[in-house]
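# Report on the structure
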Amino acid sequence: MGGTGIAVPGAERLIWYFMRISGTLLIVLAGGHLFVTHYLNVPSETTFSFVAARWANPYWRTFDWLLLMVALWHGVLGLRYSIQDYLRSPAARAFGLGLMWALGIVFLALGTVTVFAFDAAAADANSGPLSDAMWIAEAIGLSLYVFAVVTYVSIVLLAVWVIRSLLRGQIPVYSGGPGQYAWALHRATGIGILFFLLVHIVDISLIGLGREIYDASVAYYARPVLVPMEILLVGAVVYHTLNGIRVMTIDFTGWGHRAEKISFAVVMVLSILLTLPSAWLIIRAEF
Ligand code: HEM
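In this report, the structure presented in the accompanying data block is examined. Just so it is clear, the model here is predicted, and its values are computed rather than measured.

### Details of the environment of Glu260
The topology assignment puts Glu260 in helix 10 (residues 260–286). Of the residues examined, Glu260 reaches a relative accessible area of 31% and is grouped as partly exposed. Considering only alpha carbons, one finds Glu260 and Gly235, 25 residues apart in sequence, at a separation of 21 Å.

As structure tokens, then:
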């Protein structure tokens, strides 16, 4: 293994526990958030008035801030596993880790300021600096398009790979069996949710600039081309949550590893079933 700078004794184990403790907190925090924004409402309905009404209550601000912090650091430290696996040279790895810490710190600051410095009356008046800089809302819309295109292209490439393998008479099975699919899907969904979270922190931060600019960015969620991505995102969060619980049953119980295959099947079936109601609500609202 190439060196990556300072090695803190025991840090690896601490991060391992942090991933599990933060994951458990996220079952409530991310699960609650998903339920409110994707089952009780659809994303394009979470307008300025919706958020301002919620943030009039300090408990909601605290809930949203906790969700932001726990999801951000769980995601950033989860990204660290990919940096360590795929960036082999010490220089590339040091750069990747530096970027990872910078992302964590910048988004922590932006998210904290957004949640706690929000002044509903000032933002509603659309009078502050940058409140008429609509290009920022358009840039957010563009990043959502980029995010959607990357998601769609990855899925098409995956489908092509599976079909080509089957046509060649090879069943695309990893040497490790279904457990390795569960792991690959867990990594892909974790990184996908993290990158969406970063875009989402920036789009929510627009609420401090003004009602008009924020509502212009939220309106992008009603664009039909983004709807499949929104549904896939709900599916990714549901799968990642359920598989995270499955990983912890393997880590902490005596029976988890024996039930590994059947629990993966249960996770897959439940992920599809739990995503369907949200998919139906989003399709009904946007088409
Ligand atoms: C909602 C409840 C969640 C649970 C129960 C959960 C659970 C877990 C668990 C148990 C791991 C494995 C850590 C390890 O292998 O040591 C993990 C990894 C990861 N999680 Fe989560 N997680 C949740 C939400 C999230 C969210 C919201 C994000 C994104 C912001 C995220 C991003 C990641 C990433 C990137 C990894 C690393 C995957 C890898 O490379 O192996 N997770 N999660």
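### Examining the coordination of the iron atom of the ligand
In the first shell of the iron atom of the ligand, the protein supplies His74 (NE2) and His240 (NE2), at 2.0 to 2.1 Å from the metal. Taken together, the 6 donor atoms coordinating the iron atom of the ligand and their angles of 85 to 179° define a geometry best described as octahedral. Highlighted residues: His74 in helix 3 (residues 58–86) and His240 in helix 9 (residues 227–252), separated in sequence by 166 residues. An identical accessibility class is assigned to His74 and His240; each is buried.

### Points about the site of the ligand
Near the ligand you find 24 residues, and of these Arg20, His74, Arg187, His240 and Thr241 are the closest. Contacts to the ligand include His186, whose side-chain N or O atom sits 3.2 Å from a nitrogen atom. Take Arg187: an N or O atom from its side chain is 2.6 Å from an oxygen atom of the ligand. When residues of the shell around the ligand are traced back to their parent elements, those giving at least two are helix 1 (11–40), helix 3, helix 7 (178–205) and helix 9. Of the residues assigned to the shell around the ligand, the class counts are 13 nonpolar, 9 polar and 2 charged.

### Concerning the side chain of Thr114
You can see Thr114 is positioned in helix 4 (residues 90–117). Of the residues examined, Thr114 reaches a relative accessible area of 10% and is grouped as buried. Polar contacts involving the side chain of Thr114 include one to the main-chain carbonyl oxygen of Leu110, which spans 2.7 Å. Leaving out residues up to four positions away in the same chain, Thr114 has contacts with Trp55, Ile204, Ser205 and Ile207.

### As for a nonpolar patch on the surface
On the surface, Ile262, Val266, Val269, Leu270, Ile272, Leu273, Leu274 and Leu276 cluster together into a nonpolar patch covering about 730 Å² of accessible area. Structurally, the position occupied by Leu276 is in helix 10. On the basis of relative accessible area, Leu276 is assigned to the partly exposed category, the value being 49%.

### Considerations on the side chain of Ser278
Among the secondary structure elements, Ser278 is positioned in helix 10. Look past the residues within four positions of Ser278 in its chain and what remains in contact with it is His38, Tyr39 and Val234.

### Remarks on helix 2 (residues 48–55)
Those residues of helix 2 not exposed but buried are Phe48, Val51, Ala52, Arg54 and Trp55. All buried residues of helix 2 lie within an arc of 165° about the axis, which places them on one face of the element.

### Regarding unusual backbone geometry
In this structure, Asn126 is a non-glycine residue whose phi angle is positive, near 50°. Along the chain, Asn126 turns up in the loop between helix 5 (120–124) and helix 6 (134–167). Of the residues examined, Asn126 reaches a relative accessible area of 21% and is grouped as partly exposed. In this model, Leu130 sits at a positive phi of 70°, which is unusual for a non-glycine residue.

### Describing the layout of surface pockets
Space inside the second largest pocket adds up to approximately 1,400 Å³. What lines the second largest pocket is a set of 40 residues, and nearest its centre among them are Ile155, Leu158, Leu185, Ala188 and Thr189. Of all the secondary-structure elements, those providing two or more residues to the lining of the second largest pocket are helix 3, helix 6, helix 7, helix 9 and helix 10. Of the residues contributing to the lining of the second largest pocket, the split by class is 30 nonpolar, 9 polar and 1 charged.

### Side note on helix 1
Helical geometry: 3.6 residues make up each α-helical turn, so side chains three or four residues apart lie on a common side. A maximum bend of about 40° is found in helix 1 at Leu26. When we look at burial in helix 1, the residues that qualify are Ile15, Met19, Arg20, Ser22, Gly23, Leu26, Leu29, Ala30, Leu34, Val36, Thr37 and His38. On its buried side, helix 1 packs onto helix 2, helix 3, helix 9 and helix 10.

### Quick look at the packing of aromatic side chains
Under the defined criterion, the tally for this structure stands at 10 aromatic pairs. Seen from their ring centres, Phe35 and Tyr39 are 6.2 Å apart, and the 20° between their planes marks the pair as stacked. A residue pair is termed a helical-turn pair when its members lie 3 or 4 positions apart in one helix, as Phe35 and Tyr39 do in helix 1 at 4 residues. Seen in terms of ring centroids, Tyr145 and Tyr220 are 6.2 Å apart; in terms of plane orientation they differ by 85°. Their pairing is edge-to-face. In this pair, Tyr145 sits in helix 6 while Tyr220 sits in the loop between helix 8 (211–218) and helix 9, placing the two residues 75 residues apart along the sequence. The lysine or arginine in question, Arg20, covers the ring of Trp16, its NZ or CZ lying 3.8 Å from the ring centre. The aromatic ring of Trp60 is capped on one face by Arg54, whose charged end is 4.3 Å from the ring centroid.

Rules and cut-offs
Residues numbered from 1 in each chain as written. Predicted model: local features only at pLDDT ≥ 70, side-chain atom pairs only at ≥ 80, totals over all residues. Heavy atoms only, no water. Helix = DSSP H or I, 4+ residues; strand = E, 2+ residues; numbered from the N terminus. Buried < 20%, exposed > 50% of the residue type's maximum accessible area, 1.4 Å probe, protein only. Donors = N, O, S within 2.8 Å, 3.2 Å for Na, K, Ca; no water. Tetrahedral: all angles 85-135°; square planar, octahedral: opposite > 155°, others 65-115°. Near = heavy atom within 4 Å. Polar contact = N/O pair within 3.5 Å; in protein donor to acceptor, adjacent residues only side chain to side chain. Nonpolar A, V, L, I, M, F, W, Y, C, P; charged D, E, K, R; others polar. Contact = heavy atoms within 4.5 Å. Patch = residues over 30% accessible without salt bridge, like charges linked within 9 Å, V, L, I, M, F, W, Y side chains within 5 Å. Areas by Shrake-Rupley, 256 points an atom, 1.4 Å probe, with all protein chains shown as cover. Salt bridge = Lys/Arg side-chain N within 4 Å of Asp/Glu carboxyl O. Arc of directions from axis to C-beta. 1 Å grid on protein atoms, 1.4 Å probe; cavity = no way out; pocket = protein on both sides within 12 Å on 5 of 7 lines; lining within 4 Å. Points joined across faces, edges and corners; volume = space filled by probe spheres on them. Bend = angle between axes of the 7 residues up to and from the residue. Phe/Tyr/Trp six-rings, centres within 6.5 Å; stacked < 30°, edge-to-face > 60°. Lys NZ or Arg CZ within 6 Å of the ring centre and 35° of its normal.

By themselves these figures say nothing about function.
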